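# Structural features, examined
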Amino acid sequence: MSDFQGLEYEQQEADERVIEIARVAKVVKGGRRFAFRVTIVAGDRRGSIGIGIGKANAVPDAMRKASERARKNMRKVALFGSTIPHPVIAKVGGAQVLLKPASPGTGVIAGGGVRAVVEAAGISDILTKSLGSANVLNVVKATFEALTQLKSVEEEAARRGKPADQLLPFWERRKPVYDRKRA
């Protein structure tokens, strides 16, 4: 019984957003066969996100499939407070997405699918730009790809052999406070 409660708790915890419901067609001998493709993003608002795509003859079935795939596809994303640690660009198909860290209080400057993905990940301060194709599915996939490319400040500092405070965003690099007695 406790396993069931744990599963129920996990399902309630994830923030799921339907990004797109598209009617797709397959051409067959007698004409066209229509189905529905649903794109869902699931996130815990604490740095884990997943995207799922489900296809079925009815919308509820497609949503169920997409939701299950989004939960199964969950990945951890490196965050820095309420933003991301560094700028990143990702390209999927013709869609290219640029994500840049923003200082606290900026908010989410993003449109459509990009906004849904970054909010589900728990990012509340970010600047974004969608370049190239406006295809919603490819833009969402590119955003997901960009977020999975992120490295934590400590990880990148270790790779470069530098102290972590040199790689912080500019608004976090505080100038040293001088001792007032010397002034």
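As a starting point, this report considers the structure included with it.

About the thresholds
- By convention here, each chain's residues receive numbers from 1 onward along its written sequence.
- A pLDDT threshold of at least 70 governs which residues receive local features in this predicted model, and a stricter bar of 80 or more applies before side-chain atom pairs are shown or counted, although totals over entire chains, interfaces and linings include all residues.
- Values reported for side chains reflect all heavy atoms of the structure, with hydrogen atoms and water molecules removed beforehand.
- Only DSSP runs of H or I reaching four residues or more are called helices, and only runs of E reaching two or more are called strands; each is numbered from the N terminus.
- Any two residues whose heavy atoms approach within 4.5 Å at even a single point are treated as in contact.
- Nonpolar cores are built from buried Ala, Val, Leu, Ile, Met, Phe, Trp, Tyr and Cys residues. Side-chain atoms within 4.5 Å join them into one set.
- Only protein chains enter the accessibility calculation, which uses a 1.4 Å probe. A residue is then buried if its area is under 20% of the maximum for its type, exposed if over 50%, and partly exposed in between.
- By the convention used here, strands pair only if DSSP detects at least 2 bridges between them.
- Fitted lines through C-alpha atoms give the axes, limited to the stretch in contact for helices. The angle between two N-to-C directions lies from 0 to 180 degrees.

When you line up the elements, Ser-48 lands in strand β3 (residues 48–56). Ser-48 has contacts with Ala-42, Gly-43, Met-74, Arg-75, Lys-76, Ala-120 and Ala-121, leaving out every residue within four places of it along the chain.

On to the nonpolar core, then. Ile-49, Leu-99 and Leu-147 are the most contacted members of the largest nonpolar core, which has 28 residues in total. Among the elements of the structure, β3, β5 (88–92), β6 (95–101), α3 (112–121) and α4 (136–149) are those that each provide at least two residues to this core. Among all residues touching Leu-99, those that are not within four sequence positions of it are Ile-84, His-86, Pro-87, Val-88, Val-114, Ile-126, Leu-127, Thr-128, Thr-143, Ala-146 and Leu-147. If you look at the next biggest cluster of nonpolar residues, it comprises seven residues, including Ala-42, Ala-56, Ala-62 and Ala-70.

For the rest of this paragraph, the subject is the sheet that holds strand β7 (residues 108–109). Pairing is mixed across the open sheet formed by four strands, whose spatial order is β5-β6-β8-β7. What marks the edges here is a single partner per strand, and that holds for β5 and β7. When β6 meets strand β8 (residues 126–132), the two strands line up antiparallel, connected through seven bridges. Across the sheet, the residue bridging to Leu-99 is Thr-128, located in β8. Each of β5, β6 and β8 is contacted by α4, which is oriented at about 140° to β5, the strand it contacts most.

To continue, consider unusual backbone geometry. The phi angle at Arg-45 is positive, at roughly 60°, despite the residue not being glycine. Classification of Arg-45 as partly exposed rests on a relative accessible area of 45%.

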